[in-house]
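# Descriptive analysis of the structure
Residue strings, one per chain:
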2 protein chains.
Amino acid sequence: MCVPGCMATVAATISRRGLFRAAGATAFVGSMSAFSPFAAQAATMSFSKVVDLTHVLTPDFPTFTGKPQLTVEVLYRFEKDGWNENQWHLIEHTGTHMDAPLHFSTNGPDASSIPAETLVAPLCIVNIAERAAKDPDSQVTADDIKAWEAKNGALPDGAAVAMNSGWDQHVKTDKFRNADKDGVMHFPGFHPDAAALLLERKVVGIVVDSLSLDYGASKDFATHYRWLPAGRWGLECAANLGQLPEKGAAIVVGGPKIAGATGGMTRAFALL
Amino acid sequence: MCVPGCMATVAATISRRGLFRAAGATAFVGSMSAFSPFAAQAATMSFSKVVDLTHVLTPDFPTFTGKPQLTVEVLYRFEKDGWNENQWHLIEHTGTHMDAPLHFSTNGPDASSIPAETLVAPLCIVNIAERAAKDPDSQVTADDIKAWEAKNGALPDGAAVAMNSGWDQHVKTDKFRNADKDGVMHFPGFHPDAAALLLERKVVGIVVDSLSLDYGASKDFATHYRWLPAGRWGLECAANLGQLPEKGAAIVVGGPKIAGATGGMTRAFALL
């Protein structure tokens, strides 16, 4: 998850902020479920359409590190054995996937411990596609969140907030990673100040259509360290966000329920 | 997916039926999407509650073969690296998981090709828990389906039909596999004649709370061979079906979108 050169920065961040935040993570996440409008049947949502927010995962799917992270091993073939079956060798943070709090904390909830009612959430879309097309280092800012609220009303408690930067259209080209000659990537993400504001708003998860919650040029994973240890989930490499309205849809985050998982392969749908 | 002694039966089944059915699978699944009430926004569903239908997956989760099918390899640790991350070595048909048509056909759709709108479906529950408690070889029969319809009205097009046998409560004991001294397992499943009727009813998927779509003592995977090559999906090892009404909920099947997958780890929710 880290590129050469950022290890020192990450180490400093751990000692400065990570461990402190991680210590409070368990208590915080204990109340996350209470944010959800579905925890107490406080809200009713309706839908008549399904949009798949998941990319097809292949062994050559672009990764943060630039190295392949999936191998599919054939175990049984129909013609010989009577059925087909494979074994996957899969690094958790590959393809459309969840980040669990444990990904960036010592003792935050793993993917199997995130309350189910926070994995189904009202979905609010922040569109920065026009800006990102001009500047791949664009970030969703706190001002973007405030502008969304000025137009659409307050973010509901227990919502998920997604960045639609249009970056999913680049998934089959080098522009998805968009690495420069020094290996620094350039794609959009959430600014840490936006993450801080979304914590205040009792948002349960954030979604990006790029490779990372942080923008590609980040040197310190500041948004990861702000967001995940606070007991919230992230979803990276989402697809088709451009098909959704700014508000009114629900997201269903089919994250892995593997004990100890720090996140991993996720099937995500929008219902609207 | 096969136990010792059944290979000859499976081979005979392939030559007798499997290849024939597989040949028609592609054409059939092309129309599966048309069954879905969400494909044409023909139906609106509402929900205010989420029920997790997924077991926590651990390396010792019971399997059809009796051998472990998951290994979690730690790649990075927060204290040393600044984040936590693992690699999974996972056989597809493990834990709460999907069977794609390709699992039991030569050229049926893989897990990534199943239309998303058929993975969100009205969920109808057939309760055989009382019968299964007395006889672990119980099966959901065509008569059970007709009795459900007599009580609840016709199964809607594009529905998923689940067997609630109460078997999920045994997941942490040997009774989940319930193997006798000869290695033959005894747990409930769908009778192939019920599968045939559900094909007529334009059902998109069937769900079991046991290890297999076929009952444990099956020697020929007759339900698998009837159901999957017809372009339908299955879900095995579902949890918490006993918390749901016989009708009125929707199931969301978060199956893996890995190219070539024959099924695999799935996060499933019921919305009601």
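Above this text sits the structure in question.
So, here's what we can say about the structure. Each chain has its residues counted from 1, running along the sequence as written. Naming scheme: in the order in which they are written, chains are lettered from A and ligands are numbered from 1. Totals for whole chains, interfaces and linings use every residue, but because this is a predicted model, local features are given only for residues with pLDDT of at least 70 and side-chain atom pairs only at 80 or more, for both listing and counting. Hydrogens and water molecules were not included; the side-chain quantities draw on all heavy atoms of the structure.

## A few points about the packing of helix α6 (residues 142-152) of chain A against helix α7 (residues 192-200) of chain A
Residue and element names in this part refer to chain A. Applied cut-off: Orientation is described by lines fitted to C-alpha atoms, with helices fitted over the stretch in contact, and by angles between N-to-C directions that extend from 0 to 180 degrees. We count a stretch as a helix when DSSP gives it H or I for four or more residues in a row; a strand needs E for two or more, and each element gets its number in order from the N terminus. In this scheme, roughly parallel covers angles under 35 degrees and roughly antiparallel covers those over 145, while 65 to 115 is roughly perpendicular and the rest are oblique. By the convention used here, residues are in contact when the closest approach between their heavy atoms is within 4.5 Å.
Look at α6 against α7: their axes get within 7 Å of each other, and the N-to-C directions meet at 45 degrees. The orientation of α6 relative to α7 falls into the category oblique. Across from Ala142, Ile145 and Lys146 in α6, the residues of α7 making contact are Asp193, Ala194, Leu197 and Leu198.

## Digging into empty space enclosed by the protein
Rules: In this analysis a 1.4 Å probe is tested at points of a 1 Å grid over the protein atoms alone, and where it fits but cannot get out there is a cavity; an open set with protein on both sides within 12 Å along at least five of seven lines is a pocket; lining residues have an atom within 4 Å of a point. Grid points are joined across faces, edges and corners, and a volume is the space filled by probe spheres set on the points. Polar here means any residue other than Ala, Val, Leu, Ile, Met, Phe, Trp, Tyr, Cys and Pro, which are nonpolar, and Asp, Glu, Lys and Arg, which are charged; Gly is therefore polar.
Applying the stated rule across the entire model yields five cavities of 30 Å³ or more. Roughly 170 Å³ of volume is contained in the largest cavity. Taken together, 23 residues line the largest cavity, and the ones lying closest to its centre are Gly254(A), Met265(A), Thr266(A), Gly254(B) and Met265(B). Among the residues making up the lining of the largest cavity, the classes are represented as six nonpolar, 13 polar and four charged. In this structure, the second largest cavity occupies an estimated 70 Å³ of space. In terms of residue class, the lining of the second largest cavity is built from five nonpolar, seven polar and two charged.

## Brief notes about the relation of the copies chain A and chain B
Note the threshold: Residues reaching a pLDDT of at least 70 in both copies supply the C-alpha atoms on which the copies are superposed by least squares.
Superposition record for chain A on chain B: RMSD 0.0 Å, screw rotation 180 degrees, translation along axis 0.0 Å. Such values leave the two copies arranged in the relation of a two-fold axis. With an isologous cut-off of 70% or more, the 100% of interface residues of chain A that recur at the interface of chain B puts this contact in the isologous class.

## Some points on the pairing of strand β11 (residues 233-236) of chain A
Residue and element names in this part refer to chain A. As a reminder of what qualifies: Note on exposure labels: buried denotes an accessible area under 20% of the residue type's maximum, exposed denotes more than 50%, and partly exposed covers the range between, all computed with a 1.4 Å probe on protein chains only. In short, DSSP must find at least two bridges between two strands for them to pair. Looking down the strands as they point away from you, a crossover is right-handed if its path from the first strand over the helix to the second goes clockwise.
Alternating positions in β11 separate into two faces, Trp233 and Leu235 on one and Gly234 and Glu236 on the other, with burial throughout. Examined bridge by bridge, strand β10 (residues 205-208) and β11 share three bridges and lie parallel to one another. Opposite Ile206, over in β11, you have Gly234 as the bridge partner. Taking the sense of rotation as the criterion, the β-α-β connection linking β10, helix α8 (residues 222-227) and β11 turns out right-handed.

## Quick notes on the sheet that holds strand β3 (residues 70-76) of chain B
The antiparallel open sheet is built from four strands, whose spatial order is β3(A)-β4(A)-β4(B)-β3(B). The strands lining the two open edges of the sheet, one partner per strand, are β3 (70-76) of chain A together with β3 of chain B. Geometrically, the sheet is characterised by an average inter-axis angle of 15 degrees between neighbouring strands, direction not taken into account. Pairing geometry for β3(B) and strand β4 (residues 85-91) of chain B, over six bridges, is antiparallel. Each bridged residue has a counterpart across the sheet, and for Val74(B) the counterpart in β4(B) is Asn86(B).

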